[in-house]
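# Reading the structure
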Amino acid sequence: MLDAVVVGAGPNGLTAAVELARRGFSVAVFEARDTVGGGARTEELTLPGFRHDPCSAAHPLGINSPAFRAMPLDRYGLEWLQPPLPMAHPFLDGTAAVLSRSVAETAASFGPRDAGAYRRLVEPFLGKWDVLLRDFMSLPLSSLPRDPVTLARFGLSGLPPSTWLMRRFRDDRARALFAGLVAHVIAPLDGIITGGVGMVFALAAHARGWPVARGGSQSISDALTAYLLDLGGTVHTDYEVKRLDDLPPARAYVFDTSPTALAKIAGLGRAYAGYRYGSSVFKIDYALDGPVPWTAQEPRTAGTVQVGASSKEIGAALRAASREGRAPDAPFLITVQPSVVDPSRAPAGKHVFWAYGHVPGGWDGDLTDAIERQLERFAPGFRDRVLARATAGPPELAARNANYVGGDIACGAASGLQLLLRPKLSLFPYGTPHPAVFICSSATPPGPGVHGMSGHNAAKAVWRRLRSA
Ligand SMILES: Cc1cc2nc3c(=O)[nH]c(=O)nc-3n(C[C@H](O)[C@H](O)[C@H](O)COP(=O)(O)OP(=O)(O)OC[C@H]3O[C@@H](n4cnc5c(N)ncnc54)[C@H](O)[C@@H]3O)c2cc1C
């Protein structure tokens, strides 16, 4: 009899397994795909020698994760590479706002009218970031807040919609960059808690940057797996779990899956019938003949580049995909260019680059032309650099990973109360109606991203249960 079985080898499943194994519990992981990683993987999707990240590539949440930081992942090959600029947001006039490690440089890029407002927004939290992040990522109740005053202060700025918070800025440079930060969770800008989303990404950049992993995001998953194996855990790939009976006997079962799949596999009936899935993305991985020819200077050295001409255009793109059920005419793009800092990702002089725009869940059209038209506005000549492209819309994303229901890469709409309280309104979101079954995917707090904190929090619930049994 094993102590715990984990279903799914994404960052959260692997983190849950490691957390249990390092506390002396026997653990086995079962993964449907032939390799580990889930949303943190790397593949030659286009041409030989071009190593793409089909899902995550930029890791502000990974490098700041309290769970990852407490593990010796560097000994297992994980190395964070910092691009000169974490993020840049170019405009049509050839200039750019930036999210830099330095608050002063970031504030200056917004222009004199908003520099002070930005500093006043972030500075109260800078010296307290690690405690704040741990408290925020442990909500609702996996541990008591260590600094409730700072958490409450953060809540005052972060709980209201980002549109309120953006009123602090007088010009659109800061507003557009901030709107883009919120769009990383695919939430409409006027939804509650979206201010907090933007602030987390900004503070993460000032604290530890937005790095990429050397060799690609697969190295995060490989490091977690190697550490788990050293701790005595086992990993079985090519093993899709369809029923609880498919698994060996264990005292606890931990699911890195969607709540819907979990309910089906574990026979939980309508336990998660109210869970909502959200919008999707259309993603393109490019093999390029050279760097992206951005007009502005700053994006040329940034790991991540947000592409949206104004806060209005970004808001309209998000509304189209998430409320109006249509693909946006001018999609807001999140793009990542890992080979700016990691030459191992492409042959000499060549580059890998990815871009995605938001589309409704289940949308089956082709956004390639709209994405490339948008890129050409800020990087004329982009199309001439394209050697090959691999596209994936909602159906392809859903086929890659069962957690992307309808292509929802957040494994559940990250909007409204469900942004924070997922998969249901509960103070103990990692438990399920079955006393031996737990859920640890990004459908639980703190939600999407490669940070392993859902796995860490769920493992805590599991080891408390195992020790009390
Ligand atoms: C296009 C895209 C871009 C992204 N960009 C970023 C980014 O830059 N930075 C960032 O931090 N995050 C990013 N993300 C989000 C991030 O990848 C996810 O939030 C994260 O991977 C969630 O981790 P997880 O462990 O909860 O689930 P997943 O990573 O989805 O892993 C779940 C695993 O469970 C397996 N599984 C599911 N069902 C079963 C079953 N029945 N039996 C066995 N195995 C099963 C799946 O195959 C998968 O391996 C991106 C995601 C996508 C798709």
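Residues numbered from 1 in each chain as written. Predicted model: local features only at pLDDT ≥ 70, side-chain atom pairs only at ≥ 80, totals over all residues. Heavy atoms only, no water.

As annotated in an unreviewed UniProt entry, the protein carries the name NAD(P)/FAD-dependent oxidoreductase and is attributed to Streptomyces kanamyceticus.

## Structural notes on the pattern of salt bridges
The condition that has to hold: Each salt bridge in this description consists of a side-chain nitrogen of Lys or Arg and a carboxyl oxygen of Asp or Glu lying within 4 Å of one another. Strands here are runs of E lasting at least two residues and helices are runs of H or I lasting at least four, both read from the DSSP assignment and numbered beginning at the N terminus. To sort residues, take the accessible area from a 1.4 Å probe on protein chains only and compare it with the maximum for the residue type: under 20% means buried, over 50% means exposed, and anything in between is partly exposed.
Within this structure, the stated rule accounts for 21 salt bridges. Residue R323 is joined to D190 by a salt bridge in which the shortest nitrogen-to-oxygen separation is 2.8 Å. Taken together, the residues R323 in the loop between α13 (311-322) and β11 (333-336) and D190 in the loop between α9 (172-182) and α10 (194-208) connect sequence positions 133 residues apart. For E313, the salt bridge is made with R377, and the minimal N-O distance between the two is 3.2 Å. Of the two residues, E313 sits in helix α13 while R377 sits in helix α14 (residues 368-378), which places them 64 residues apart along the sequence. Under the relative-accessibility criterion, E313 is labelled buried at 17%.

## Here we look at the sheet that holds strand β10 (residues 302-307)
Test applied: In this analysis, strands are considered paired if DSSP registers two or more bridges between them. Orientation is described by lines fitted to C-alpha atoms, with helices fitted over the stretch in contact, and by angles between N-to-C directions that extend from 0 to 180 degrees. Throughout, a contact is declared for two residues whenever any of their heavy atoms are within 4.5 Å.
The strand order β5-β4-β10-β11-β12-β9-β13 describes an open sheet built from 7 strands, whose pairing is mixed. Edge positions in the sheet fall to β5 (96-99) and β13 (386-392), since each has one partner strand and no second. On average, each strand axis in the sheet is inclined to that of its neighbour by 20°, with strand direction left out of account. Packed on one face of the sheet, α14 meets β4 (85-90), β9 (280-288), β10, β11, β12 (351-359) and β13 and runs near 60° to β9.

## Remarks on the site of the ligand
Note the cut-off: It suffices for a single heavy atom of a residue to lie within 4 Å of a molecule or strand for the residue to be listed as near it. Polar contact is defined as a pair of N or O atoms within 3.5 Å, subject to the rule that within protein one atom must be able to donate a hydrogen and the other to accept it, and that residues adjacent in sequence are counted only when both atoms are side-chain atoms. Per-residue and other accessible areas follow the Shrake-Rupley method at a 1.4 Å probe size, with only the shown protein chains counted as cover for residues. Under this grouping Gly is polar, as are all residues other than the nonpolar Ala, Val, Leu, Ile, Met, Phe, Trp, Tyr, Cys and Pro and the charged Asp, Glu, Lys and Arg.
Every one of the 37 residues lining the ligand counts as a neighbour, but E31, G39, D256, N401 and G449 are closest to it. Between the ligand and the protein, one listed contact pairs an oxygen atom with a backbone N or O atom of G39 at 2.7 Å. Here a nitrogen atom of the ligand sits 2.8 Å away from a polar atom, N or O, in the main chain of A58. For the ligand, whose unbound accessible area comes to 1000 Å², protein coverage reaches 94%. Breaking the shell around the ligand down by element, the ones donating at least two residues are α1 (11-21) and β12. Per-element tally for the shell around the ligand: the top contributor is α1, with 3 residues. Its residues assigned to classes, the shell around the ligand shows 19 nonpolar, 13 polar and 5 charged.

## Re α13
This is how it is decided: The span you would expect from a helix comes to 1.5 Å times its residue count less one.
Helix length check: α13, at 12 residues, gives a terminal C-alpha distance of 16 Å against a target of 16 Å (1.5 Å per residue), a fit within 8%. Of all the residues in α13, the buried ones are S311, E313, I314, G315, A317, L318, A320 and A321. Where α13 is buried, its residues meet β4, α9, β12 and α14.

## Structural notes on the packing of aromatic side chains
Here a ring pair, both rings aromatic, is described through the centre-centre distance and the interplanar angle of the planes. As a reminder, the rule being used: Each Phe, Tyr or Trp ring (for Trp, its six-membered ring) is paired with any other whose centre lies within 6.5 Å, and the angle between the two planes then decides the class: stacked below 30 degrees, edge-to-face above 60, tilted in between.
Scanning the entire structure with this criterion turns up 15 aromatic pairs. Note on F110 and Y118: the rings are 5.1 Å apart at their centroids and 80° apart in plane angle, and the pair reads as edge-to-face. In terms of burial, F110 and Y118 fall into one category: buried. Measuring from ring centre to ring centre gives 6.3 Å for W294 and F353, while their planes differ by 70°; the resulting arrangement is edge-to-face.

## Topic: the packing of α9 against α10
Heads up, the condition is: The scheme is simple: roughly parallel for angles under 35 degrees, roughly antiparallel for over 145, roughly perpendicular for 65 to 115, oblique for anything else.
With their axes 8 Å apart at the nearest point, α9 and α10 run at an angle of 100° to one another. In terms of axis orientation, α9 runs roughly perpendicular to α10. Every residue of α10 that contacts α9 at F178, L181 and V182 is listed here: T194, G195, V197, G198, M199, F201 and A202.

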